[in-house]
Amino acid sequence: MIKFEQVTKRYDSGQEALSNVSFHINRGDMAFLTGHSGAGKSTLLKLIMRMETPTVGNVMIAGQNIAQLDRKDIPFYRRHIGVVFQNHQLLFDRSVFENVALPMRISGSNELEIGKRVRAALDKVGLLHKEKSNPIALSTGEQQRIGIARAVVNKPALLLADEPTGNLDPELSEEIMNLFRDFQQVGVTVLIASHDHELIQSMSLPVMTLASGELVSFG
Ligand SMILES: Nc1ncnc2c1ncn2[C@@H]1O[C@H](COP(=O)(O)OP(=O)(O)OP(=O)(O)O)[C@@H](O)[C@H]1O
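Here the residue numbers are simple positions, counted from 1 along each chain's written sequence. Predicted model: local features are reported for residues with pLDDT of at least 70 only, side-chain atom pairs are reported and counted for 80 or more only, and whole-chain, interface and lining totals are derived from all residues.

You'll find the protein entered in an unreviewed UniProt entry as Cell division ATP-binding protein FtsE, with Litoribacillus peritrichatus given as the organism. What the UniProt record of the protein gives under Function (unreviewed entry) is the line "Part of the ABC transporter FtsEX involved in cellular division. Important for assembly or stability of the septal ring." Check the Subunit (unreviewed entry) section of the UniProt entry for the protein; it says "Homodimer. Forms a membrane-associated complex with FtsX." UniProt positions are given in the numbering used here, feature names are shortened, and annotations may be inferred rather than shown by experiment.

Take a look at the structure:
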């Protein structure tokens, strides 16, 4: 599902954020991506999202070299990827329902479909009863679950998370990880960038470790 073939990413500044990185994550697998600050985790995620392109090498997603995507096809490509951030980036001037509906509004789905999918996503994260609330009235853990509902509302084949448990206590972190597991179990490929060693060690999942842009281990 995600295949990096000898990928090097050098920014215009000359900074080499990734050096000759190769790996393969199969469809339906779930893995962690770890490494110190500046090791290249965000760069790797941005390459998958096609927010950046490799300087050298290929990023293959579902068998397609995404550097070859037409500019006009990039928004459509991104619809197949759900992204969860640490600071969940919710909009506090609209309801929980509207926050989750956002990606579907952008992709021009009809009202009926939006209602159905948004409620299914909220149900999945256990927050259907909060659909009319303003996210500001929810706890941090609940806000993170809203962010996850929004990431999966378009039924992505691939779910990327950048420090999704960054500001949560261990109990809530475990809850979020269990949600990711649920998505994995229905066939979604999940890649989670995290610094949280305790969390990583508590889960028996493959771990990719980056150090100064190099993939130093994957296992
Ligand atoms: N747009 C950019 N232009 C120039 N250099 C960049 C850019 N983005 C990242 N870098 C540099 O590339 C290296 C890798 O950064 P990256 O953000 O991928 O690391 P990270 O592992 O995600 O770090 P963190 O955990 O702190 O978010 C760093 O040295 C960073 O300063």
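Bringing the overall build of the protein into the picture now. Secondary structure elements are taken from DSSP: a helix is a run of H or I of four residues or more, a strand is a run of E of two residues or more, and numbering for both begins at the N terminus. In terms of helices and strands, the protein carries 7 helices and 10 strands. The atom set for the radius of gyration is the C-alpha atoms, and the globule formula is 2.2 Å times the number of residues raised to the power 0.38. For 219 residues, the compact-globule estimate of 2.2 N^0.38 gives 17 Å, and the protein sits close to it at 17 Å. Each principal axis of the C-alpha atoms in the protein carries an extent, and together these give about 45 × 40 × 35 Å. A total of 219 residues make up the protein; the buried ones form 36% of that total. Contact between two residues is assigned whenever their backbone-derived C-beta positions fall within 7 Å. Long-range contacts, defined here as pairs at least 24 residues apart, represent 70% of the contacts in the protein between residues at least 6 apart. Residue burial here comes from a neighbour count, namely the number of other C-beta atoms, placed from the backbone, that lie within 10 Å of the residue's own C-beta, with 20 or more meaning buried, 12 or fewer meaning exposed, and in between meaning partly exposed.

Let's shift gears to the site of the ligand. What makes a residue near a molecule or strand is its C-beta atom, placed from the backbone, lying within 6 Å of it. Surveying the vicinity of the ligand reveals the residues Y11, S13, Q15, A17, G35, S37, G38, A39, G40, K41, S42 and T43. At 3 residues, helix α1 (residues 41-48) tops the list of elements feeding residues into the shell around the ligand. Amino acids are sorted into nonpolar (Ala, Val, Leu, Ile, Met, Phe, Trp, Tyr, Cys and Pro), charged (Asp, Glu, Lys and Arg) and polar (every other residue, Gly among them). The class makeup of the residues in the shell around the ligand is 3 nonpolar, 8 polar and 1 charged.

What follows covers the sheet that holds strand β1 (residues 2-10). When DSSP locates at least two bridges between a pair of strands, those strands are taken to pair. The 4 strands lie next to each other as β2-β1-β4-β5, forming an open sheet whose pairing is antiparallel. Across the chains shown, the open sheet's two edge strands, defined by having one partner strand only, are β2 (16-25) and β5 (64-65). Together, β1, β2 and β4 (56-61) form the strand contacts of α1, whose direction differs from that of β1 by roughly 120 degrees. Angular values range over 0 to 180 degrees, each being the angle between N-to-C directions of two axes fitted as lines to C-alpha atoms, with helices fitted over their stretch in contact.

Where strands meet in a sheet, backbone hydrogen bonds hold them as pairs that are either parallel or antiparallel. Read from one edge of the open sheet, 6 strands run β6-β7-β8-β3-β9-β10, paired in mixed fashion. In this open sheet, the two strands that pair with only one neighbour each are β6 (81-85) and β10 (214-218). Neighbour to neighbour, the strand axes of the sheet diverge by 20 degrees on average, direction disregarded. The sheet contact formed by strand β9 (residues 207-211) and β10 spans 4 bridges and is antiparallel. The residue bridging L210 from the neighbouring strand is L215, located in β10.

Right, let's talk about the domain arrangement of the protein for a bit. The assigned domain composition of the protein is domain 1 (1-80 + 158-171 + 189-219) and domain 2 (87-155). Where each domain starts and ends comes from a domain assignment, either automatic or drawn from a database. Each of domain 1 and domain 2 was reduced to a C-alpha centroid, and the two centroids are 25 Å apart. With 5 residues of domain 1 at the contact, the number on the domain 2 side is 7 residues. The residue inventory of the side of domain 1 that touches domain 2, partitioned by class, reads 3 nonpolar, 1 polar and 1 charged.

Further remarks concern the packing of helix α3 (residues 96-106) against helix α4 (residues 111-124). For the pair α3 and α4, interaxial distance at closest approach is 9 Å and the crossing angle is 120 degrees. The orientation of α3 relative to α4 falls into the category oblique. Crossing of α3 against α4: the hand is right-handed. In this structure, α3 contributes F97, V100, A101 and M104 to the contact, and α4 contributes I114, R117, V118, A121 and L122. Looking at the contact of α3 with α4 residue by residue, the class counts come to 8 nonpolar, no polar and 1 charged. Note that the term roughly parallel is reserved for angles under 35 degrees, roughly antiparallel for angles over 145, roughly perpendicular for angles of 65 to 115, and oblique for everything else. For a crossing to be left-handed, the near helix must be turned anticlockwise from the far one by less than a right angle; the clockwise case is right-handed.

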